Amino acid sequence: MCGIVGYTGPQSAITPLIEGLRRLEYRGYDSAGIALGTANRLFIEKRAGKLLNLESALTATPPVANSGIGHTRWATHGGPTDRNAHPHVDNEGKLAVIHNGIIENYTQLRADLEARGHVFTSETDTESVAHLLSDLRKSHNGDLSAAMREAVKSLRGSFTLLAIHADQPEVIVGVRRNSPLVVGLGNKENFLASDVAAFIDYTKRAVELGQDEVVTITPVGIEITDLEGNKLVPKEYEITWDSSAAQKGGFTHFMLKEIFEQPKAVADTLLGRINADDHIVLDELHLTNDEIKSLKKIVVLACGTAFHAGMIAKYAIEKWAQITVEVELASEFRYRDPLVDSQTLVIAISQSGETMDTLMALRHAKSLGARILAVCNTNSSTIPRESDAVLYTHAGPEIAVASTKAFLTQVIAVYLIGLHLAQTRGVMTGHQVREIFEEMSELPAKIEQILETVEPLRELTRGFKDSNSVLFLGRHVGFPVALEGALKLKELAYMHAEGFAGGELKHGPIALIEEGTPVIAILPFGHEHGLDEKMLSNVQEVKARGARVIVIAREGAEVTGAEHIIRIPSASSLLQPILATVPLQVFAYEMAVVRGNDVDQPRNLAKSVTVE
Ligand code: F6R
């Protein structure tokens, strides 16, 4: 978490830094700060709270400088106060550091530095790096890059660090370990940032940094080295999306914009995925047909919303490809002794590609011999880079902290994988695959249809704004949809919400129902396995105990016992989650708005969870 940006060039640094931080605020918004390199001294300003507080403080004393670093924080060590906000400086106030991640051995470092006379002013792990770098810079004759290389050798944990020194303010030095950092190459100006969104308005040329690589930028060039100081050749790439993709485009919130982008996101993720011979095209899979045939099982690893996409994948892949699929929270998998080997395909799902829990689980699986396929929305991020293969979802940048379009495209991506495996393993014919693919191709228009008719749902949502708790019920693929609906409501509306498998209701959760409790039941299956009927019995059971029931049902489905029915277009049962999730996203969005919450930046959260 935390967003990091650095600039050096001819213009006043404050503009690219503040604009960059605004684009990175999704990564954390507990405090924000900047250090500007003015002649022989640093100008530092930092404020607890959102970026706006920093901006107000800066208007009073607008500084002039051509280089600087900026930080937006999601607090780990030390509360979200002005004092703990980054940048952190050395005792001379000449060297400033910003940091994303955790320095695990900071207690020892701090004790050693204090014993050498350094005085600390914050409770953060980061401040120890500022003091350490200050000492090392002196012992390396003022060479900040050499000091950084040396410092990193004694740091444990995950980090992106940027440092600037007042004696050479045009030089900014950065390093990354298990945490993102990209370089932006401009015209006589250069940038460093956690995410290309920070500098997309200035340049589309970016450079990837590998693990433990140190980068030094000046207005006229960049230099990348390993920790021994060996020079490395920069790996340049072109950013393919436009800066308008990172703006609200007339919507009141990024989340609403992203909900409305879902038809396009799904269509883009499906684009070019079937060939004239009815074969699913996954160029990125890098598994031979023999390897696919010899797979014994699939393990899906993910967190949060991406985990729900994984749960849905299990229903589809097991049915289509006839192979066992286990789905596990990445944070739990990592600390087990899972039965995984070279005949296991691990699918790691992550929008950001930076989620530390997923990354660590992936490494664990890799060390046991598993093949790793990443499903990811962020080009060149760490998870795809460390995987054997990657299938990119084409959702475009997702800025709102709550995931919407990424979720739908993750489900599409895992379905494509399922169809590919089914075909390669000889379980499905090309004709069967084509049929399902064509039905998937109808989904964008069906999502569009849902979005055109959400107004009554928004109004209905407002009527439930004072409820204490909302329960979601689903069965089969409707169960993960129920979990996703509840997660969205918790994170956005700050309401108690739980998702249950309908069959589990009588095993405990039904005790939660009291007069007026809103229950949202997802009824997406037709009469397959008699599940519609079973869900309608659940509806009657909760209604009999005073619940106010909203049912999400496909067009034409018979519904009894509901106070409100939200109709969604018909689709075969496995494809229904793509449609049934959309009204639940709108419900959570509207609830957050009516309760006066910050929709795009819900409290205590950050978009990219780069700490375990
Ligand atoms: C919820 C949400 C989170 C993420 C989770 C994984 O709306 O966005 O639950 O899904 O933190 O993030 P990624 O997909 O980036 O690994």
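Residues numbered from 1 in each chain as written. Predicted model: local features only at pLDDT ≥ 70, side-chain atom pairs only at ≥ 80, totals over all residues. Heavy atoms only, no water.

Asks: Any chance you could explain the domain arrangement of the chain here in plain terms?
Replies: Note on interface size: it is often stated as the accessible area lost on association of the parts. Each assigned domain of the chain is listed here: domain 1 (3–244), domain 2 (248–441) and domain 3 (454–612). The centre of domain 1, based on its C-alpha atoms, is set 43 Å off from the matching centre of domain 3. Between domain 1 and domain 3 the total buried area reaches about 980 Å² when both faces are included, carbon and sulfur atoms providing 50% of it. Across the domain 1-domain 3 interface, the total number found is one salt bridge. With its nearest N and O atoms 2.1 Å apart, the salt bridge here joins Asp598 to Lys50. In this assembly, domain 1 and domain 3 are joined by seven residue pairs in polar contact (both at pLDDT 80 or more). Along the lines of polarity and charge, the residues of the side of domain 1 that touches domain 3 split into five nonpolar, five polar and three charged. (Domains from an automatic or database assignment. Buried area = accessible area lost by both parts, 1.4 Å probe. Salt bridge = Lys/Arg side-chain N within 4 Å of Asp/Glu carboxyl O. Polar contact = N/O pair within 3.5 Å; in protein donor to acceptor, adjacent residues only side chain to side chain. Nonpolar A, V, L, I, M, F, W, Y, C, P; charged D, E, K, R; others polar.)

Asks: Looking at this structure, I do not really get the pattern of salt bridges. What am I missing?
Replies: Side-chain pairs of opposite charge can arise whenever the charged atoms involved come near each other. According to the stated counting rule, one finds 35 salt bridges in the structure shown. Glu326 serves as the salt-bridge partner of Lys297, at 3.2 Å between the closest nitrogen and oxygen. You can see Lys297 sitting in strand β16 (residues 297–302) and its partner Glu326 sitting in strand β17 (residues 324–329), a full 29 residues away along the chain. Via salt bridges that share partners, Glu455, Arg458, Arg462 and Glu590 belong to a single interconnected network. (Helix = DSSP H or I, 4+ residues; strand = E, 2+ residues; numbered from the N terminus.)

Asks: Help me understand the pairing of strand β18 (residues 344–350), please; the structure alone is not making it clear to me.
Replies: Strand residues, when the strand is regular, have side chains that alternate between the two faces of the sheet. The buried fraction of β18 is high, at seven of seven residues. Taking every second residue as pointing to the same face, both faces of β18 are buried, with Thr344, Val346, Ala348 and Ser350 on one and Leu345, Ile347 and Ile349 on the other. Here six bridges tie β18 to strand β19 (residues 371–376), and the two strands are oriented parallel to one another. Among the inter-strand pairings, Leu345 is bridged to a residue of β19, identified as Arg371. Crossover handedness for the path β18 to helix α11 (residues 356–367) to β19: right-handed. (Buried < 20%, exposed > 50% of the residue type's maximum accessible area, 1.4 Å probe, protein only. Pairing = 2+ DSSP bridges. Right-handed = clockwise from strand over helix to strand, strands pointing away.)

Asks: I tried to follow helix α13 (residues 405–424) on my own but got confused; where do I start?
Replies: At 3.6 residues per turn, the α-helix brings residues three or four places apart onto the same side. Between the first and last C-alpha of α13 there are 29 Å, a value that for 20 residues agrees with the 28 Å anticipated at 1.5 Å per step. With respect to burial, α13 is a largely interior element, 20 of its 20 residues being buried. After α13 finishes, the residue Gly426 shows a positive phi value of roughly 75 degrees. (Expected span 1.5 Å × (residues − 1).)

Asks: Would you mind showing me how to read helix α7 (residues 262–270) here?
Replies: Among all positions in α7, only Gln262, Pro263, Ala265, Val266, Thr269 and Leu270 are buried. Viewed along the axis of α7, the buried residues span an arc of 165 degrees, placing them on a single side of the element. Packing partners of the buried residues in α7 comprise α6 (254–260), α13, α14 (430–441), α15 (443–452) and α19 (576–594). Looking one or two places after α7, you find Gly272, whose phi comes out positive at around 70 degrees. (Arc of directions from axis to C-beta. Contact = heavy atoms within 4.5 Å.)

Asks: What am I meant to see in the sheet that holds strand β7 (residues 157–165) here?
Replies: Sheet strands line up and pair through hydrogen bonds in the backbone, either parallel or antiparallel. In spatial order, the strands read β5-β6-β7-β8-β12-β13-β14; together these seven strands make up an open sheet with antiparallel pairing. Of all the strands in the sheet, just β5 (88–89) and β14 (231–232) have a single pairing partner and so form its edges. Two strands pair when backbone bridges link them, and strand β6 (residues 95–103) and β7 are joined in this way by nine bridges, in the antiparallel orientation. Bridging from a neighbouring strand, Ile98 pairs with Leu162 of β7. Here helix α4 (residues 127–139) sits on the sheet in contact with β5, β6 and β7, set at roughly 130 degrees to β6. (Axes fitted to C-alpha atoms, helices over the stretch in contact; angles between N-to-C directions.)

Asks: So what exactly am I meant to see when it comes to the sheet that holds β16 here?
Replies: Spatially, five strands are ordered β17-β16-β18-β19-β20 in an open sheet, and the strand pairing comes out parallel. Edge strands, defined here as strands with exactly one partner in the open sheet, are β17 and β20 (389–392). Taking each pair of neighbouring strands and ignoring which way they run, the sheet shows an average axis angle of 20 degrees. Two strands pair when backbone bridges link them, and β16 and β17 are joined in this way by six bridges, in the parallel orientation. Across the sheet, residue Val300 finds its bridge partner in β17, namely Val327.

Asks: Which parts of the structure should I look at to understand the site of the ligand?
Replies: For the ligand, the set of nearby residues contains 13 residues, the closest of which are Ser350, Gln351, Ser352, Thr355 and Glu491. The contact in question runs from an oxygen atom of the ligand to an N or O atom on the backbone of Ser403, over 2.9 Å. For the ligand, an oxygen atom lies 2.4 Å from a polar atom in the side chain of Glu491. Compared with its free state, where it exposes 400 Å², the ligand has 88% of that area covered by protein. Those elements that provide at least two residues to the shell around the ligand are α9 (304–321) and α17 (478–493). Examining the composition of the shell around the ligand, we find that three residues originate from one element, α9, more than from any other. In terms of residue class, the shell around the ligand is made up of four nonpolar, seven polar and two charged. (Near = heavy atom within 4 Å. Areas by Shrake-Rupley, 256 points an atom, 1.4 Å probe, with all protein chains shown as cover.)

Asks: Any chance you could explain the layout of surface pockets here in plain terms?
Replies: Space left empty within the atom packing is revealed by a probe, the size of a water molecule, rolled over the atoms. Taken as a whole, the largest pocket holds about 850 Å³ of empty space. If you trace the largest pocket, you find 42 residues lining it, with Trp241, Asn377, Thr378, Asn379 and Pro397 closest to the centre. Looking at the lining of the largest pocket, the elements that each hand over two or more residues are β15 (235–238), α7 and α12 (382–385). The dominant element in the lining of the largest pocket, judged by the number of residues it contributes, is α7, at three residues. (1 Å grid on protein atoms, 1.4 Å probe; cavity = no way out; pocket = protein on both sides within 12 Å on 5 of 7 lines; lining within 4 Å. Points joined across faces, edges and corners; volume = space filled by probe spheres on them.)

Asks: I keep staring at the packing of α7 against α15 and nothing clicks. Help me out?
Replies: When two helices pack together, their arrangement is given by the angle between their axes and by how far apart the axes lie. Close contact between α7 and α15 brings their axes to 8 Å; oriented N to C, the two are set at 175 degrees. Between α7 and α15, the angle is such that the two are roughly antiparallel. In this structure, α7 uses Gln262, Pro263, Val266 and Ala267 to contact α15, whose residues at the interface are Leu443, Pro444, Ile447, Glu448 and Leu451. In terms of residue class, the contact of α7 with α15 is made up of seven nonpolar, one polar and one charged. (Parallel < 35°, antiparallel > 145°, perpendicular 65-115°, else oblique.)

Asks: Which parts of the structure should I look at to understand the nonpolar core?
Replies: Nonpolar side chains tend toward joint burial in soluble globular proteins. With 123 residues, the main nonpolar core has Ile347, Tyr415, Met440 and Leu489 as its most contacted residues. The element that contributes the greatest number of residues to this core is α13, accounting for twelve residues. Apart from residues no more than four positions distant in its own chain, Tyr415 is found in contact with Ile312, Ala316, Trp320, Met440, Leu574, Leu575 and Pro577. If you look at the next biggest cluster of nonpolar residues, it comprises 26 residues, including Leu136, Leu155, Phe159 and Val173. (Core = buried A, V, L, I, M, F, W, Y, C linked by side-chain atoms within 4.5 Å.)

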